[in-house]
Amino acid sequence: MPPRTNPLLQELVVTLYGLYADGELGELPIAGLIRLLAGLGVEEQAARATVSRLKGKGILRHRREGSTSLYSLNPGILDLFRADDERIFAPLRSTPQDPWALIVFSVPEAQRNRRYELRTELVSLGFGFVAAGVAIAPRTVLDQARERLEARGLDGFTECFAGDYLTGADIRAKVAAWWDLAGLDEQYAAFIADYETIEGPSPDGAEADQAAFAVYVPMLTRWRRFPYRDPNLPLEFLPEGWPAPSAKAAFLRLHAELAGPAAEHARRALA
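The shown structure was predicted, so the numbers you read here are calculated from the model rather than taken from an experiment. Position labels on residues start from 1 in each chain and follow its written sequence. For a predicted model such as this one, the threshold for reporting local features is a pLDDT of at least 70, and the threshold for listing and counting side-chain atom pairs is 80 or more; totals across whole chains, interfaces and linings nevertheless cover every residue. In computing side-chain properties, one takes all heavy atoms of the structure into account and sets aside hydrogens as well as water.

Chemist: Residues and numbers for the sheet that holds strand β5 (residues 128–131), please.
Modeler: Strands are treated as partners if at least two bridges between them are detected by DSSP. Each helix is a run of DSSP H or I of at least 4 residues and each strand a run of E of at least 2, with the numbering of both proceeding from the N terminus. A sheet is described by the order of its strands in space; here 4 strands give the open sequence β5-β6-β4-β7, paired in antiparallel fashion. Looking at the sheet topology across the chains shown, the edges are occupied by β5 and β7 (158–163). Neighbour to neighbour, the strand axes of the sheet diverge by 30° on average, direction disregarded. The pairing of strand β4 (residues 100–105) with β7 spans 6 bridges and is antiparallel. Its bridge partner lying in β7, F105 is registered against T158. Fitted lines through C-alpha atoms serve as axes, helices being fitted only where they are in contact, and the angles separating the N-to-C directions of these axes extend from 0 to 180 degrees.

Dropping the structure here:
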């Protein structure tokens, strides 16, 4: 029986394509992809099972060129990966004076699967929930949210608003109720524990490049989740000692130190 794939492994494959797939078609030969995954400690059988699963989902596309088997990432996913760099590397934190965005949604019971899809999309964009069918986020994410919902055919279930919070209650307490800040805090703390003390490679050469690659790709894969789960609320609305700035500092430092050597390892593996 082939090994079961896991979401993290599938995310690693998407990260590898976003970083290292070259050319107009954004393709990687299956042999090269397997070598890249081997550099992350993934055995060949698990790598092939993951590629097969992603192909079945339509995330990867396959073609043959002579005896070479080539896979490319679905163009829509690759475009999204590249377009999101600003949010990944320099997310815009809102201020207390910024307006809020509200998305009010209603999905018929007969289309409950679309209701789940809609909520999942809103969460992935950093929205919290004021009440059933009412999602909230800083106004800064509303335009992207509308584009994403329209692209997925979900905009017909929604109405969008922007405005101010006028109730006068403690906004910090409200924010803690609207978002799962405790869960996000735990994820940031785990990221800091795993990466804050890691140093970049000091010697040059293939071994150091491989070590950098083995740290960089999983770190970037984990970090890519945060700018969507975290709505970048004003620090004034968040608990004291909110860990996001420390986690971001650790990420940016390691990105600067590891991205170059990791790319060198990838170039060798794909040669």
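Chemist: How would you explain the packing of helix α2 (residues 30–38) against helix α3 (residues 44–56) if you had to name every residue and give the values?
Modeler: The N-to-C vectors of α2 and α3 enclose an angle of 125°; their axes lie 10 Å apart at closest approach. As far as their axial angle goes, α3 and α2 are oblique. Remark: the crossing between α2 and α3 carries right-handed chirality. For the pair formed by α2 and α3, the contact residues are I30, L33, I34 and L37 on the first element and E44, A47, R48 and V51 on the second. All residues other than Ala, Val, Leu, Ile, Met, Phe, Trp, Tyr, Cys, Pro, Asp, Glu, Lys and Arg, Gly among them, are scored as polar; the first ten of these are nonpolar and the last four charged. Of the residues assigned to the contact of α2 with α3, the class counts are 6 nonpolar, no polar and 2 charged. The labels follow the angle: roughly parallel below 35 degrees, roughly antiparallel above 145, roughly perpendicular from 65 to 115, and oblique for the rest. In this scheme, a crossing is called left-handed if the near helix is turned counterclockwise away from the far one by less than a right angle; it is called right-handed if the turn is clockwise. Contacts are assigned to residue pairs with any non-hydrogen atoms lying within 4.5 Å of each other.

Chemist: Describe the sheet that holds strand β1 (residues 27–29), with residues and values.
Modeler: Strand order across the open sheet formed by 3 strands is β1-β3-β2, with antiparallel pairing between neighbours. The open sheet has two free edges, formed respectively by β1 and β2 (60–65), since each of these has just one partner strand. Strand-to-strand twist in this sheet, taken as the mean axis angle between neighbours without regard to direction, amounts to 30°. In this structure, β1 lies alongside strand β3 (residues 68–73), joined through 3 bridges in antiparallel fashion. Across the sheet, residue E27 finds its bridge partner in β3, namely S72. Along the sheet, α2 makes contact with β1 and β3, crossing β1 at roughly 80°.

Chemist: Summarise the pattern of salt bridges; cite the residues concerned and give the values.
Modeler: Salt bridge, as applied in this entry: a Lys or Arg side-chain nitrogen positioned within 4 Å of an Asp or Glu carboxyl oxygen. One pass over the full model with this rule turns up 15 salt bridges. Here E65 and R63 are joined by a salt bridge, their closest N and O atoms 3.1 Å apart. Notably, a salt bridge pairs R152 with E121, separated by 2.8 Å at the nearest N-O pair. Taken together, the residues R152 in the loop between α7 (142–151) and β7 and E121 in helix α6 (residues 112–124) connect sequence positions 31 residues apart. Whether a residue is buried, partly exposed or exposed follows from its accessible area with a 1.4 Å probe, protein chains only, as a fraction of its type maximum: under 20%, in between, or over 50%, in that order. Given the relative accessible area of 12%, E121 is considered buried. When salt bridges that share partners are traced, they join E27, R63 and E65 into one network.

Chemist: Tell me about the packing of helix α9 (residues 181–195) against helix α10 (residues 206–223), residues and numbers included.
Modeler: When two helices pack together, their arrangement is captured by the angle between the axes and the distance separating the axes. Across the interface, α9 lies against α10 with an axial gap of 12 Å and an inter-helix angle of 165°. When the axes of α9 and α10 are compared, the pair comes out roughly antiparallel. The two elements α9 and α10 meet at a crossing, and its hand is left-handed. Side by side, α9 and α10 meet where Y188, A190, F191, D194 and Y195 of the first sit next to V215, P218, M219, R222 and W223 of the second. Partitioned by chemical class, the residues of the contact of α9 with α10 number 8 nonpolar, no polar and 2 charged.

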